[in-house]
Amino acid sequence: MSATHPAYLWWNGEQVAWEDATVHVTAIGWSSVSAIFEGIKAYWNDEREELYVFRLDAHLERFLRSQKLMRMEREYSVAQLSDAIVALLRANECRYDTYIFPLAFASGAGFRALSQSGGAKTSITITTRPSPSHLLKGEVKTACVSSWTRISDNVMPPRVKNISNYRNSQLASAEAAYNGYDTPILLNTQGKVAEGPGSCLMVVRDGQLITPGVTDSILESITRSSLLELARDLGLEAVERTIDRTELYIADEVFMCGTSAEITPIGMVDHYTIGDGGEGPITTRLERAFHDAVRGKDERYARWVTPVGAAKAVPAD
Ligand code: PMP
């Protein structure tokens, strides 16, 4: 890896040197209206000297669902993309926590590529970059309920990772930042809690873990479903149901979750202090369990992680 980027990325079936991966200025699909993506995280395990990709198949299955919903051609299977990612992580000798970014966009010039109609060809790139984890670092953030409404299924489906969806996220994040909060929480068109700009949301009330359902205008988040499973394995009651805005204000604990957000405790929402304003005890239990699962330290969740193997430097002959 150079100071700024890894040596290679993957592009339509081949590893390409980073500097050689360019698109023409007329390739309008690249301008992202016609793009879908995934965000995947790999965690370095120091003791085992191994990099583990968290829930690789689940992410790639969602990648293919995003392509299907946006009527993009699906030239590569989950197995092919999975092999490409593992090979890329090896080629880039990723011995650190890494974010993996597969992107599919309509290739070619003009409005055909932009509108995705008439069978525009799809191009796929996969890039990697260092992404240090903030799990167990004790960071607590502030949030506000956004004045922007979360996009809805009949407008721009939030259940998939359509790049255009993030314009909605961006408006809410900018507003929150201007008003001095770390993150917004978006309500859906029904006025119920949906999610954060790039994360799902969970609350704890009277020992019960609660998160909005997949029909409440949220991304079908892989962290969310993993945490529901971990919570139940810890003996906690975990439910998916609609959450009212005011439940945020009286919750015992609130946290955001996602591939990048990991587990981000929220200590204040709209100036209502949540619990004692720090990280709550159930959040901490889940965070520890999640940390051990993603780093390949808990054998019970070995099925969730893909060891990259030869991320270790290959010895010279
Ligand atoms: N909602 C949105 C809008 C997101 O961008 C993300 C991050 N991918 C999430 C939720 C969390 O999803 P996941 O756990 O699959 O990363």
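Structural data are supplied above this passage.
So, here is what we can say about the structure in this document.

Definitions and limits used
Residues numbered from 1 in each chain as written. Predicted model: local features only at pLDDT ≥ 70, side-chain atom pairs only at ≥ 80, totals over all residues. Heavy atoms only, no water. Helix = DSSP H or I, 4+ residues; strand = E, 2+ residues; numbered from the N terminus. Rg over C-alpha atoms; globule rule 2.2 N^0.38 Å. Buried < 20%, exposed > 50% of the residue type's maximum accessible area, 1.4 Å probe, protein only. Contact = heavy atoms within 4.5 Å. Areas by Shrake-Rupley, 256 points an atom, 1.4 Å probe, with all protein chains shown as cover. Lys, Arg positive; Asp, Glu negative; His and termini not counted. Charge placed at Lys NZ, Arg CZ, Asp CG, Glu CD. 1 Å grid on protein atoms, 1.4 Å probe; cavity = no way out; pocket = protein on both sides within 12 Å on 5 of 7 lines; lining within 4 Å. Points joined across faces, edges and corners; volume = space filled by probe spheres on them. Nonpolar A, V, L, I, M, F, W, Y, C, P; charged D, E, K, R; others polar. Axes fitted to C-alpha atoms, helices over the stretch in contact; angles between N-to-C directions. Parallel < 35°, antiparallel > 145°, perpendicular 65-115°, else oblique. Phe/Tyr/Trp six-rings, centres within 6.5 Å; stacked < 30°, edge-to-face > 60°.

## Some points on the overall build of the chain
A count of helical and extended segments in the chain gives seven helices and 17 strands. On C-alpha atoms alone, the chain measures out to a radius of gyration of 20 Å, which is about the 20 Å that the 2.2 N^0.38 rule sets for 317 residues. Overall, the chain is about 55 × 50 × 30 Å in size when its C-alpha atoms are taken along their principal axes. Per-residue burial over the chain gives 53% buried out of 317 residues. In the chain, once contacts between residues fewer than 6 apart in sequence are set aside, the share between residues at least 24 apart is 71%. Accessible surface computed for the chain: about 14,400 Å², of which carbon and sulfur atoms make up 51%. In the chain, 32 side chains carry a positive charge and 40 a negative one; their mean positions are 4 Å apart.

## Notes on empty space enclosed by the protein
This model, assessed by the stated rule, comprises four cavities of 30 Å³ or more. Quantified by volume, the largest cavity comes out at close to 70 Å³. Elements that contribute at least two residues to the lining of the largest cavity include exactly β4 (40-45) and α5 (222-233). When its residues are assigned to classes, the lining of the largest cavity shows four nonpolar, three polar and one charged. Put simply, the second largest cavity is a space of about 40 Å³. Broken down by element, the residue count for the lining of the second largest cavity peaks at three residues, all from strand β15 (residues 262-269).

## With respect to the packing of α5 against helix α7 (residues 281-294)
Between α5 and α7, whose axes approach to 10 Å, the crossing angle comes to 110 degrees. In terms of orientation, α5 lies roughly perpendicular with respect to α7. When α5 is examined against α7, the residues T223, L227, L230 and A231 are found in contact with a partner set consisting of L286, A289 and F290. Taken together, the residues of the contact of α5 with α7 sort by class into six nonpolar, one polar and no charged.

## Focus on the packing of aromatic side chains
In this structure the tally under the stated criterion is seven aromatic pairs. On the numbers, 4.2 Å between centres and 15 degrees between planes, the contact of Y249 with Y272 is stacked. With Y249 in helix α6 (residues 245-250) and Y272 in strand β16 (residues 272-273), this residue pair connects regions lying 23 residues apart in the sequence. Members of the aromatic cluster, joined through ring pairs, are F54, F290, Y301 and W304.

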